[in-house]
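# A closer look at the structure
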Amino acid sequence: MDTMILKKVRTVVSVHVLALSSMAAWAQDYPWKAITLVVGYPAGGSVDLVARAIAPGLSRRLGQPVHVENIPGTSGALAAARVALAEPDGHTLLLGSPAEVGINHLVSRRRDGYNPLKDSTPIGLIGSQPLVLVAGSKTPVATIDEFLRATAEAPAPMRYASSGMGTPLHLAGETIRQQSGVRMAHVPSRGAGAMLANMDSGDVDFAVMVLSSALPHIRDGKVKAIGVTKLARSAAAPQIPALAENARFKGVDAGVWFGLLGPGKLPPATTTRLREDLQRLLKEPELRKTLEAAGLTMMEGTDFVPFLQAEIQKFRRVVEFANIRN
């Protein structure tokens with residue numbers, strides 16, 4: 001072999017060996033500085049709540065401060081990009097949810113953007129919250145059967161609100177439409193407050209909301225709960241039926257989940273350390289009590305990678321059915 005070629009090969013091999021050595025050193029020493037836990041939404045929302053609930057326990061177990069950093073914008077895409085581009089050393093992590101992790105890349109017109117299966121390392125699932133289909137006080141519907149009858153008899157498609165185009169709530173509404181064949185038209189809104197205002201004014205008939213956000217308004221009689229969008233009733237509100245109890249909705253299974261992710265190519269030893277510490281943390285009674293009180297069903301022990309793959313396939317079918325594009 002030519003001497004120059006041999007020198008080039010040795011140089012390439014040396015670079016790879018050094019890179020692997022650095023990654024091994026990272027994994028052995030991890031963590032050696034403060035950890036940033038990135039949230040793609042403003043403070044006070046459900047994702048932020050989960051991040052701030054687990055941060056102190058992670059800090060205690062990892063032996064380093066864990067700081068929550070809110071980077072709101074574009075349904076969590078800015079936060080996902082921030083973590084995807086970070087050094088894969090385990091010191092920048094994402095508290096992810098379906099929009100930024102599973103949906104955004106499917107509805108984006110760009111084909112070179114964030115890919116969750118390549119640009120992130122799933123570490124562990126934390127929990128999930130059901131969504132709920134509600135009717136406004138001015139809509140004469142309070143049960144699943146009345147919902148089916150009203151949407152069938154209305155002269156035009158009845159209107160439902162979600163928190164925005166391409167959000168998990170929008171996809172849940174389209175899943176309801178796809179599974180049952182009901183006629184509904186989507187009206188994107190900016191958050192729970194706007195959805196409630198639109199129902200109160202009669203501009204929309206229904207809304208898909210996160211159950212924990214909707215419960216106070218259900219109890220106050222401002223909206224009427226038709227059914228949760230999971231296969232079974234929620235322990236947080238067992239009086240509300242699951243839509244899937246009706247044969248027309250037997251395939252409706254949608255919710256909002258929360259998981260911990262790192263940048264792509266996170267060293268296996270670092271991933272294992274984080275995964276094991278997270279699993280131990282989620283078994284602590286005090287944290288479980290806090291998260292369950294916020295409406296979460298715990299998901300520790302669920303294998304994140306196949307779960308995420310299945311969720312993306314589910315989202316893809318709904319996106320194609322409804323032709324959702326941003």
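The structure contained in this document is the topic of the report that follows.

What counts and what doesn't
Residues numbered from 1 in each chain as written. Predicted model: local features only at pLDDT ≥ 70, side-chain atom pairs only at ≥ 80, totals over all residues. Heavy atoms only, no water. Helix = DSSP H or I, 4+ residues; strand = E, 2+ residues; numbered from the N terminus. Buried < 20%, exposed > 50% of the residue type's maximum accessible area, 1.4 Å probe, protein only. Areas by Shrake-Rupley, 256 points an atom, 1.4 Å probe, with all protein chains shown as cover. Lys, Arg positive; Asp, Glu negative; His and termini not counted. Charge placed at Lys NZ, Arg CZ, Asp CG, Glu CD. Salt bridge = Lys/Arg side-chain N within 4 Å of Asp/Glu carboxyl O. Axes fitted to C-alpha atoms, helices over the stretch in contact; angles between N-to-C directions. Parallel < 35°, antiparallel > 145°, perpendicular 65-115°, else oblique. Left-handed = near helix turned anticlockwise from the far one by under 90°. Contact = heavy atoms within 4.5 Å. Nonpolar A, V, L, I, M, F, W, Y, C, P; charged D, E, K, R; others polar.

So, about the overall build of the protein. Helices and strands together make up the secondary structure of the protein, namely twelve helices and ten strands. Considered along the principal axes of its C-alpha atoms, the protein spans approximately 80 × 50 × 30 Å. Here the protein holds 326 residues, and 50% of them are scored as buried. When the accessible surface of the protein is split by element, carbon and sulfur atoms take 55% of a total near 15,000 Å². On the protein, the mean spot of the 36 positive side-chain charges and the mean spot of the 28 negative ones are 3 Å from each other.

Further remarks concern the pattern of salt bridges. Within the structure shown, the criterion is met by 13 salt bridges. In this structure, R61 engages E284 in a salt bridge whose closest nitrogen and oxygen atoms are separated by 3.0 Å. Residue R61 is found in helix 2 (residues 46-62), and its partner E284 is found in the loop between helix 10 (268-282) and helix 11 (285-293); the two are separated by 223 residues along the sequence. What makes R61 partly exposed here is its relative accessible area of 27%. Among the ionic contacts, a cluster of salt bridges with common partners joins R60, R61 and E284.

Between two packed helices, the angle of one axis relative to the other and the distance separating the axes together describe the packing. Viewed as axis vectors pointing N to C, helix 2 and helix 10 meet at an angle of 125°, and their least axial separation amounts to 10 Å. Looking at the two axes, helix 2 sits oblique to helix 10. The hand of the helix 2/helix 10 crossing is right-handed. Note on element contacts: helix 10 touches helix 2 through R273, L274, D277, L278, R280 and L281, opposite I54, G57, L58, R60, R61 and L62. Here the residues of the contact of helix 2 with helix 10 sort into six nonpolar, one polar and five charged.

Where helix 7 (residues 168-180) meets helix 12 (residues 304-322), the closest approach of the two axes is 10 Å, and the angle between their N-to-C directions is 75°. One way to sum up the angle between helix 7 and helix 12 is to call them roughly perpendicular. The residues of helix 12 that touch helix 7, namely those facing L171, E174, T175, R177 and Q178, are F315, R317, V318, V319, F321 and A322. The residue inventory of the contact of helix 7 with helix 12, partitioned by class, reads six nonpolar, two polar and three charged.

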